[in-house]
Amino acid sequence: MAMALLQSGLKRFEDWAPRDHSQDRPKAEDHVKEMYSLGKIGGKFYFNPVVTFFSFGGVWAIVIWAMAAQGSAARKTWDAQVWVTDIWAWLYMITQNVWIVVLFY
């Protein structure tokens with residue numbers, strides 16, 4: 001029984017050769033053509049208006065909030081910076097090590 005289980009498990013690993021899936025997925029150009037955008041690809045202006053206007057509004061909302069409530073904004077952004085530094089410092093250190101490996105590669 002154990003031998004049959006081992007053989008069935010090993011059978012899964014017999015064919016590890018990479019397969020060509022280029023016909024199965026669409027090309028990047030086709031995907032770009034289906035995206036919601038304004039302008040022509042390669043033209044002077046080509047952008048996604050939904051992302052552009054939401055990010056524009058978000059940035060200006062933070063700027064206006066920081067100007068209107070300077071004391072509160074300074075305290076909250078300081079707390080956010082401390083939280084990010086405490087929680088995510090390990091990720092920063094790992095990414096810097098990966099970047100050094102990529103540079104030497």
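Remember, it's a predicted structure, so these values are computed and weren't measured experimentally.

Reading the values: the criteria
- Residues numbered from 1 in each chain as written.
- Predicted model: local features only at pLDDT ≥ 70, side-chain atom pairs only at ≥ 80, totals over all residues.
- Heavy atoms only, no water.
- Helix = DSSP H or I, 4+ residues; strand = E, 2+ residues; numbered from the N terminus.
- Rg over C-alpha atoms; globule rule 2.2 N^0.38 Å.
- Areas by Shrake-Rupley, 256 points an atom, 1.4 Å probe, with all protein chains shown as cover.
- Expected span 1.5 Å × (residues − 1).
- Bend = angle between axes of the 7 residues up to and from the residue.
- Axes fitted to C-alpha atoms, helices over the stretch in contact; angles between N-to-C directions.
- Contact = heavy atoms within 4.5 Å.
- pLDDT = per-residue confidence, 0-100.
- Buried < 20%, exposed > 50% of the residue type's maximum accessible area, 1.4 Å probe, protein only.
- Polar contact = N/O pair within 3.5 Å; in protein donor to acceptor, adjacent residues only side chain to side chain.
- Patch = residues over 30% accessible without salt bridge, like charges linked within 9 Å, V, L, I, M, F, W, Y side chains within 5 Å.
- Salt bridge = Lys/Arg side-chain N within 4 Å of Asp/Glu carboxyl O.

Chemist: Looking at this structure, how should I read the overall build of the protein chain?
Modeler: The helix and strand inventory of the protein chain stands at four helices and two strands. Its helices and strands taken in sequence order, the protein chain reads α-α-β-β-α-α from the N to the C terminus. Against the 2.2 N^0.38 benchmark of 13 Å for 105 residues, the protein chain shows a C-alpha radius of gyration of 25 Å, more extended than a compact globule. Considered along the principal axes of its C-alpha atoms, the protein chain spans approximately 75 × 45 × 35 Å. Roughly 10,300 Å² of accessible area belongs to the protein chain as shown, and the carbon and sulfur atoms make up 69% of that amount.

Chemist: Help me understand helix α4 (residues 70–104), please; the structure alone is not making it clear to me.
Modeler: In an α-helix, one turn spans 3.6 residues; hence positions three or four apart end up facing the same way. Taking 1.5 Å per residue as the helical rise, α4 with its 35 residues ought to reach 51 Å, whereas the 45 Å between its terminal C-alpha atoms falls clearly short. Remark: the principal bend of α4, roughly 60°, maps to Trp 88.

Chemist: Looking at this structure, how should I read the packing of helix α3 (residues 49–68) against α4?
Modeler: Between two packed helices, the angle of one axis relative to the other and the distance separating the axes together describe the packing. α4 packs onto α3 with a crossing angle of 120° between their chain directions and a minimal axis gap of 5 Å. Contacts from Trp 65, Ala 66, Met 67 and Ala 68 of α3 reach α4 at Gln 70, Ser 72, Ala 73, Lys 76 and Thr 77.

Chemist: Sorry if this is basic, but what is going on with the confidence of the model for the protein chain here?
Modeler: The predicted coordinates ought not to be read in detail in places where the model reports low pLDDT. Mean pLDDT over the protein chain stands at 85; residues scoring 70 or higher make up 91%. Helix α2 (residues 28–34) is the least confidently modelled element of the protein chain, averaging 73 in pLDDT, while α3 averages 96, the highest of any element.

Chemist: Looking at this model, I keep getting lost on the environment of Ala 80. Mind explaining?
Modeler: Tracing the backbone through its elements, the reader meets Ala 80 in helix α4. Judged by its relative accessible area of 40%, Ala 80 falls in the partly exposed class. For the pair formed by Ala 80 and Ser 37, sequence separation is 43 residues and the distance between their alpha carbons is 34 Å.

Chemist: What's the story with α3 in this structure? I'm lost.
Modeler: End to end, α3 covers 28 Å across 20 residues, agreeing with the expected 28 Å (1.5 Å per residue, within 8%). Two or three places before Val 50, at the opening of α3, Asn 48 has a side-chain oxygen 3.0 Å from that residue's backbone nitrogen.

Chemist: Whenever I open this one, a nonpolar patch on the surface confuses me. Can you help?
Modeler: Among the surface-exposed residues, Trp 83, Val 84, Ile 87, Trp 88, Trp 90, Leu 91, Ile 94, Val 98, Trp 99, Val 102 and Leu 103 lie close enough to one another that they form a single nonpolar patch of about 1,100 Å² accessible area. Assignment of secondary structure puts Trp 99 in helix α4.

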